[in-house]
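Summary of structural features
The residues making up each chain are set out below.
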Amino acid sequence: MFDIIKKIFGTPHERAVRKMKPMVRKINDLEPEIEKLSDAKLQAKTAEFRERIDNGESLDKLLFESFAVVREASKRVLGMRHFDVQLMGGIVLHQGKIAEMRTGEGKTLVATLPAYLNALPGKGVHIVTVNDYLARRDAEWMGEIYKWLGLTVGNVVNHQPDWEKRAAYKADIAYGQNNEFGFDYLRDNMKFSALDYAQRPLNYAIIDEVDSILIDEARTPLIISGQGQRSSHKYRLVNDVIPRLRNEEHYVVDEKGHSVTLTDEGIEATEVLLKEIGALEGSNLYDPVNLETLHIVNQCLRAHTLYKRDVNYMVRDGEVLIIDEFTGRVLKGRRWSDGLHQAVEAKENVPIKEENRTMATITFQNLFRLYNKLAGMTGTADTEASEFHSTYGLDVRVIPTNKPIARVDDDDIVYKTEREKFTAVVEDILENNEKGVPILVGTTSVEKSGAISRILSKRGIEHNVLNAKQHENEAYVVAQAGSKGAITVSTNMAGRGTDIVLGGNPEMLAKLKFREEGRDPDAEEEAFEDLVDQLSEKCEKEKEEVLELGGLYIIGTERHESRRIDNQLRGRAGRQGDPGRSR
C-alpha cells in the first residue's frame, strides 16, 4: 500500500523538488533582463537590495532577484553559471535546511546564493568548512563574487592576531574551520567585557560537510585549558606493569563499547605487581589512598588495549598526535583528557606532559544551536535525516544530480584472511593499472594505508600515499590522482572537499612543478600561466583517454563504521556524469 502511494505522490524529496521547480523558473525568467545590465548597474543591485530590506521587504521576497544577480556575477567574474539543481540547493539552504547534493555537484558555488542573500541585512554569515585549507581556498575563490558585488569577505584561521580576527568577523561573510568558530566563541566568553568580543551575535551559518560536523563530531568537546597539576610519576611505573597482565584472564576488552575491565584475578595480579614496585599503599587497590593509582591503572590499560599506534594516534618528534577516525587527519593541539594522553605517552616512552585544567568548554552540538538560522550541505545526509531533525530541527532535502550518475558500484567481496584480501587488492590494482586506469585505494587507518604502500613498493609499483603523515602534500597528491595510470593509496582524508579531476588538475600540477624547482608562481606570473596552458593540453588529452578506459576506479579495502564515509569514498568517482567504478 505504501509503495502505491509513493508511486502516485512521489517520495517527500521528489515532492519538495516539484515545489521548487516554479521558483527556479522564476529565477531563470529574470536571466535575460539581468544579462542586459552593465557591470556598474549589476553591482548597484546590492545597495538597492539593502535599501529595500531597510524599508521592510523580507529576504524571501528578494530571493529570486538576488539569486539571478549572483548567478550573473558568477558568470562574469568566474565564468561559472549556476545549474538549476544548484539554484534548488541554494533555496534549501536559505530555508534553513540541509541540502544533500552528490559529490562533484559544485556545493562550493551553491553556498554563494544564500550567503549573499543572508549577508544583505549586515548581521554576518559564517560559512563553515572542515579544514583550514578549504576555508582559505573558498574565501579566495568565491570571495571574488562577493567582493565584485560590494560585500566584504573574511577568513577566520588559526593563530591570527586579534585585530585580524575582529576584521574577519566584521565582514559580511566569514569563511572558517568549525574548530576556529568554536574556540573564538569560548575565548570571547572568557573576556571581561562584551566590547572586547571578536564575534558578533551568531546569525546564520552554512555548514559544508554538515554530517561530519554535526553528527560525527557533535559530542566532541572544544576545551580551552590552563595549566593544571604536574603529571604523576606513577604513569611510568604503572605502564611497566600492564604488559605483564594477560587478556581474558586478567582483563576483558569490550571492543564495541570501547572499554576494558579488570577481572578479579586481574585485580589480585595488579596488586601483587604494584606492591613489588612500591606503587601501592594500604591493603588493596580500592583503598581510598590508592584512588589516583587505580585511575592510572585503568587509563594505562585502555592505552595498551584500545588505542593503537597509527590507527588512533601517531608519534612524531617525541609527541603523541591524535588521528581523527572520521577524516583521517591529525588533530593538532588536541589532547585526550583524564590522564589518557599521559598513559599513551608512557606507553610510547615519550616525555609525559602535564595534565591540564579545563577553563571553558562547549560541544559543536551546543555551539551551532546558538545560531538564529542554520543550514548545511553534504553528499551524504539522508541516512541520518531523523537525527538531524530530532537534535537540530533540520530537515534534509535530496537534490537531484545535474547529469545522471554513470558510476558502476560493484558488490563487496569478502575474504577469510587479511593477507588474502591484500593480495587480491594488489592484483586488482596491477590488472587495472596496466590498462592505464587511475586508481584510488581507500583504507580506514594510517597503518593499513602503510601496509598496502609497502606491498606496492616491494613490487616496484609507483604510487602516492595520502594519510595523516603526508597531509601537507594533500592538494598536490589529489591533483594527480585522476591522471592516467595514477595510483593513490589514501585514508578517508581523500573523502571530503577535494575534487579529483580526470586527466589531472593543470593548475595544481603547475604549482607542484614550481614548488619542486623552488620558484614562486606569484613572482613569475607569465611563466606560470604558460606552464598551466601547456599542462592543460596534456591533461585534456589524458582526460579523453581516461574516460575511454571507464574513469576513476575506487577500491575500498574495508567498510568503515559509518556508511556515510563509504559513500563519500565512492563519490570521488563518477562526478558530473563522468563514468567511474567502485568496489
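Let us look at the structure shown here. (Residues numbered from 1 in each chain as written. Predicted model: local features only at pLDDT ≥ 70, side-chain atom pairs only at ≥ 80, totals over all residues. Heavy atoms only, no water.)

Side note on the overall build of the protein chain
Defined as follows: Segments assigned H or I by DSSP are reported as helices when at least four residues long, segments assigned E as strands when at least two residues long, and all are numbered from the N terminus. Accessible area is worked out with a 1.4 Å probe on protein chains only. A residue is then buried under 20% of its type maximum, exposed over 50%, and partly exposed in between. When checking whether two residues touch, look at their non-hydrogen atoms; a contact exists if any pair is within 4.5 Å. The protein chains shown are the only cover counted for residues, whose accessible areas, like all others here, come from Shrake-Rupley with a 1.4 Å probe.
In terms of helices and strands, the protein chain carries 25 helices and 19 strands. The buried share among the 583 residues of the protein chain stands at 53%. Summarising the internal contacts of the protein chain: among those between residues at least 6 apart in sequence, 72% fall at separations of at least 24. Surface exposure of the protein chain reaches about 28,100 Å², of which carbon and sulfur atoms provide 49%.

Considering the pattern of salt bridges
Threshold: We define a salt bridge as a side-chain nitrogen of Lys or Arg found within 4 Å of a carboxyl oxygen belonging to Asp or Glu.
Here the structure, examined in full by the defined rule, presents 28 salt bridges. When the shortest N-O distance is used, the salt bridge between Glu 249 and Arg 246 registers 2.9 Å. Linked by salt bridges that have partners in common, Glu 31, Glu 35, Asp 39, Arg 71, Glu 72, Lys 75, Arg 76, Arg 81 and Asp 84 make up one network.

Digging into the packing of helix H16 (residues 291–305) against helix H17 (residues 340–347)
As a reminder, the rule being used: To get an axis, a line is fitted to the C-alpha atoms, and for a helix only the part in contact is used. The angle between two axes follows their N-to-C directions and goes from 0 to 180 degrees. Geometric relationships in this document are graded by angle, where less than 35 degrees denotes roughly parallel, more than 145 denotes roughly antiparallel, 65 to 115 denotes roughly perpendicular, and other angles denote oblique. What makes a crossing left-handed is the near helix being turned counterclockwise from the far one by less than a right angle; a clockwise turn instead makes it right-handed.
Here H16 crosses H17 at 60°, and the two axes come no closer than 8 Å. When the axes of H16 and H17 are compared, the pair comes out oblique. Considering only the axes of H16 and H17, their crossing is right-handed. Judged by residue contacts, Gln 299, Cys 300, Arg 302, Ala 303 and His 304 of H16 engage Leu 340, Ala 343, Val 344 and Lys 347 from H17.

As for the pairing of strand E5 (residues 204–208)
Across a regular strand the side chains alternate sides, sitting on one face of the sheet and then on the other. Note the following rule: Two strands qualify as a pair provided that DSSP identifies no fewer than 2 bridges between them.
When you tally the buried positions in E5, you get 5 out of 5 residues, the bulk of the element. Two elements, strand E2 (residues 125–129) and E5, share 4 bridges in a ladder whose sense is parallel. Following the sheet pairing, His 126 is matched in E5 by Ala 205. Inspection of the sheet shows E5 paired to strand E12 (residues 373–378) by 5 bridges, in the parallel sense. By the bridge assignment, Ile 207 is partnered in E12 with Gly 376.

Comments concerning the nonpolar core
Inclusion rule: Residues grouped as a nonpolar core are buried Ala, Val, Leu, Ile, Met, Phe, Trp, Tyr and Cys residues, joined through side-chain atoms within 4.5 Å.
Ranked by size, the top nonpolar core spans 51 residues in total, and within it Ile 127 and Ile 173 carry the most contacts. Among the elements that make up this core, the one with the highest residue count is helix H5 (residues 59–77) (9 residues). Apart from the residues within four sequence positions on either side, Ile 173 is in contact with Ala 115, Tyr 116, Ala 119, Val 125, Ile 127, Tyr 146, Leu 151, Thr 152, Val 153 and Gly 154.

Notes on the packing of helix H14 (residues 234–241) against H16
For the pair H14 and H16, interaxial distance at closest approach is 9 Å and the crossing angle is 55°. Compared by their axis directions, H14 and H16 come out oblique. As for the relative orientation of H14 and H16, their crossing is right-handed in sense. Residues Lys 234, Tyr 235, Val 238 and Asn 239 of H14 touch H16, and the partners they reach there are Glu 292, Thr 293, Ile 296, Val 297, Cys 300 and His 304.

Description of the pairing of strand E3 (residues 153–156)
As a reminder, the rule being used: Orienting the strands away from the viewer, one traces the path from the first strand over the helix to the second; a clockwise path indicates a right-handed crossover.
By the bridge criterion, 4 bridges tie E3 to strand E4 (residues 173–177) in an arrangement that is parallel. Note on E4: the bridge partner recorded for Val 153 is Ile 173. Considered for its hand, the β-α-β crossover made up of E3, helix H11 (residues 162–170) and E4 is right-handed.

Let's talk about the side chain of Lys 107
The line we're drawing: The sign given to each residue is positive for Lys and Arg and negative for Asp and Glu; His and the chain ends receive no count. Within 3.5 Å is the distance limit for a polar contact, defined as a pair of N or O atoms, with the added protein rule that one can donate a hydrogen and the other accept it, and that residues adjacent in sequence qualify only through two side-chain atoms.
By the secondary structure assignment, Lys 107 is in helix H7 (residues 107–110). Put simply, Lys 107 is tucked away with no salt bridge, and the nearest opposite charge, on Glu 209, sits 5.0 Å away. A polar side-chain atom of Lys 107 sits 3.4 Å from the main-chain carbonyl oxygen of Met 101. Non-local contacts of Lys 107, meaning those with residues more than four positions away in its chain, are made with Met 101, Arg 102, Asp 208, Met 377, Thr 378 and Gly 379.

As for the sheet that holds strand E1 (residues 98–100)
Here 7 strands make up an open sheet; going across it, the order is E3-E4-E2-E5-E12-E1-E13 and the pairing parallel. If you trace the sheet from one side to the other, it starts and ends with E3 and strand E13 (396–398), each paired once. Strand-to-strand twist of the sheet, defined as the mean angle between neighbouring strand axes without regard to direction, takes the value 20°. Where helix H12 (residues 178–189) meets the sheet, it contacts E2, E3 and E4, and its direction lies at approximately 105° from that of E4.

Some points on the side chain of Arg 52
With respect to the secondary-structure elements, Arg 52 resides in helix H4 (residues 45–54). Given a relative accessible area of 19%, Arg 52 falls into the buried group. Polar side-chain contacts of Arg 52 include one of 2.8 Å to the side chain of Glu 48. At a separation of 3.0 Å, a polar atom in the side chain of Arg 52 contacts the side chain of Glu 65. The residues touching Arg 52, leaving out its near neighbours within four places in the chain, are Glu 57, Leu 62 and Glu 65.

With respect to a negative patch on the surface
Basically, it comes down to this: Patch construction takes residues with relative accessible area above 30% that form no salt bridge. Like charges are linked within 9 Å, and nonpolar side chains (Val, Leu, Ile, Met, Phe, Trp, Tyr) are linked within 5 Å. Every charge is mapped onto a representative atom, which is NZ of Lys, CZ of Arg, CG of Asp or CD of Glu.
A cluster of acidic residues, Glu 507, Glu 525, Glu 526, Glu 529, Asp 530, Asp 533 and Glu 537, forms a negative patch on the protein surface. At 6 residues, helix H24 (residues 525–548) tops the list of elements feeding residues into the negative patch. Locating Glu 537 in the fold gives a position in helix H24.

Topic: unusual backbone geometry
A positive phi angle, near 55°, is found at Glu 209, a position not held by glycine. With a phi angle near 65°, Asp 310 is a residue other than glycine that sits in the positive phi range. The residue Asp 310 is located in the loop between H16 and strand E9 (313–316) in this model. Here Asp 310 falls in the buried class, since its relative accessible area comes to 17%.

Topic: the packing of aromatic side chains
As a reminder of what qualifies: Only Phe, Tyr and Trp rings are paired, with Trp represented by its six-membered ring, and only when their centres lie within 6.5 Å; those with planes under 30 degrees apart are stacked, over 60 edge-to-face, the remainder tilted.
The final tally for this structure, using the stated rule, is 5 aromatic pairs. Taking 6.3 Å as the distance between ring centres and 25° as the angle between the ring planes, the aromatic pair formed by Phe 364 and Phe 368 counts as stacked. Here the residue Phe 364 and the residue Phe 368 both occupy positions in helix H18 (residues 364–368), the gap between them amounting to 4 residues, near one helical turn. Assigned by exposure class, Phe 364 and Phe 368 land together as buried.

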